[in-house]
Amino acid sequence: MTLKWKLKITIPIVLFTLGIVCWSAVPSFRFWIGEAYYYVRPVPRVCKNRTAQFNARVERIRQDAKSFLKIGAKKNDVARFFASENIPVSFNQVAGHDVASGEVYVAGIPECANVACGDDSALIGVRVDVDENGTVISDPVIVSMYTNCL
């Protein structure tokens, strides 16, 4: 076996092993791999539009929650808000206090599949503290996040 042939086998194995070690040991390495991926494969316009629509929906829900779920709003008003946003609501007791909460899942589309976040699926969650009668006692909390990211 010649030295040239041995190097052709050894160098890729060493580089592959180094990549595995860096991938698991250095979190910023994942970021740079993602950046390189997007440099080679730009984000399609449909994905950019979908992201803009998702962010607009979250912002709309946030604004509506501020105006409808004010402190003192009754249980019927809370239920009406969740119904108007097509979010199923549940009234539960969490950590010793009552909470009205709901979440809606947004399915991703295959065109937006990428290295970091799979098919781009997400969720929007709304939570507000209520008393035992269902009357709002705090400001609402709106959370949005992608569900299948690394």
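Residues numbered from 1 in each chain as written. Predicted model: local features only at pLDDT ≥ 70, side-chain atom pairs only at ≥ 80, totals over all residues. Heavy atoms only, no water.

The element strand E3 (residues 122-130) is largely enclosed, with a buried count of seven among its nine residues. Relative to E3, strand E2 (residues 97-106) is paired through nine bridges, and the arrangement is antiparallel. Residue Ser101 lies in a different strand from E3, and its bridge partner there is Arg127. Where E3 lies against strand E4 (residues 141-146), six bridges are found, and the strand directions are antiparallel. Bridging from a neighbouring strand, Ile124 pairs with Ser144 of E4. (Buried < 20%, exposed > 50% of the residue type's maximum accessible area, 1.4 Å probe, protein only. Helix = DSSP H or I, 4+ residues; strand = E, 2+ residues; numbered from the N terminus. Pairing = 2+ DSSP bridges.)

So, on to the sheet that holds E4. Read across the sheet, four strands follow the order E1-E2-E3-E4 without closing on themselves; strand pairing throughout is antiparallel. If you trace the sheet from one side to the other, it starts and ends with strand E1 (90-94) and E4, each paired once. Averaged over all adjacent pairs, the angle separating strand axes in this sheet is 30°, with direction ignored. Here five bridges tie E1 to E2, and the two strands are oriented antiparallel to one another. Residue pairing across strands places Ser90 opposite Ser101, the latter belonging to E2. The strands touched by helix H3 (residues 45-68) are E2, E3 and E4; relative to E4, the strand with the most contacts, the crossing angle is about 165°. Lying on the sheet, helix H4 (residues 75-84) is in contact with E1, E2 and E3; it crosses E2 at an angle near 10°. (Axes fitted to C-alpha atoms, helices over the stretch in contact; angles between N-to-C directions. Contact = heavy atoms within 4.5 Å.)

Turning next to the nonpolar core. Core analysis: the biggest nonpolar cluster contains 20 residues, and Ile61, Phe81, Ile124, Val126 and Ile142 have the highest contact counts within it. Where this core is concerned, the elements lending two or more residues are H3, H4, E2 and E3. For this core, the element with the highest residue contribution is E3, accounting for five residues. In contact with Ile124, not counting residues within four places along its chain, are Phe54, Arg57, Val58, Ile61, Gly102, Glu103, Val104, Ile142, Val143 and Ser144. (Core = buried A, V, L, I, M, F, W, Y, C linked by side-chain atoms within 4.5 Å.)

Further remarks concern the environment of Arg80. Within the secondary structure layout, Arg80 lies in helix H4. For the pair Arg80 and Phe68, spaced 12 residues apart in sequence, the C-alpha to C-alpha distance is 9.2 Å.

Our focus in this paragraph is the environment of Val128. Its location among the elements puts Val128 in strand E3. Judged by its relative accessible area of 1%, Val128 is buried. A C-alpha to C-alpha distance of 8.9 Å links Val128 and Ile142, two positions 14 residues apart in sequence. Not counting residues up to four positions away in its chain, the partners in contact with Val128 are Leu69, Val99, Ala100, Val136, Ser138, Asp139 and Pro140.

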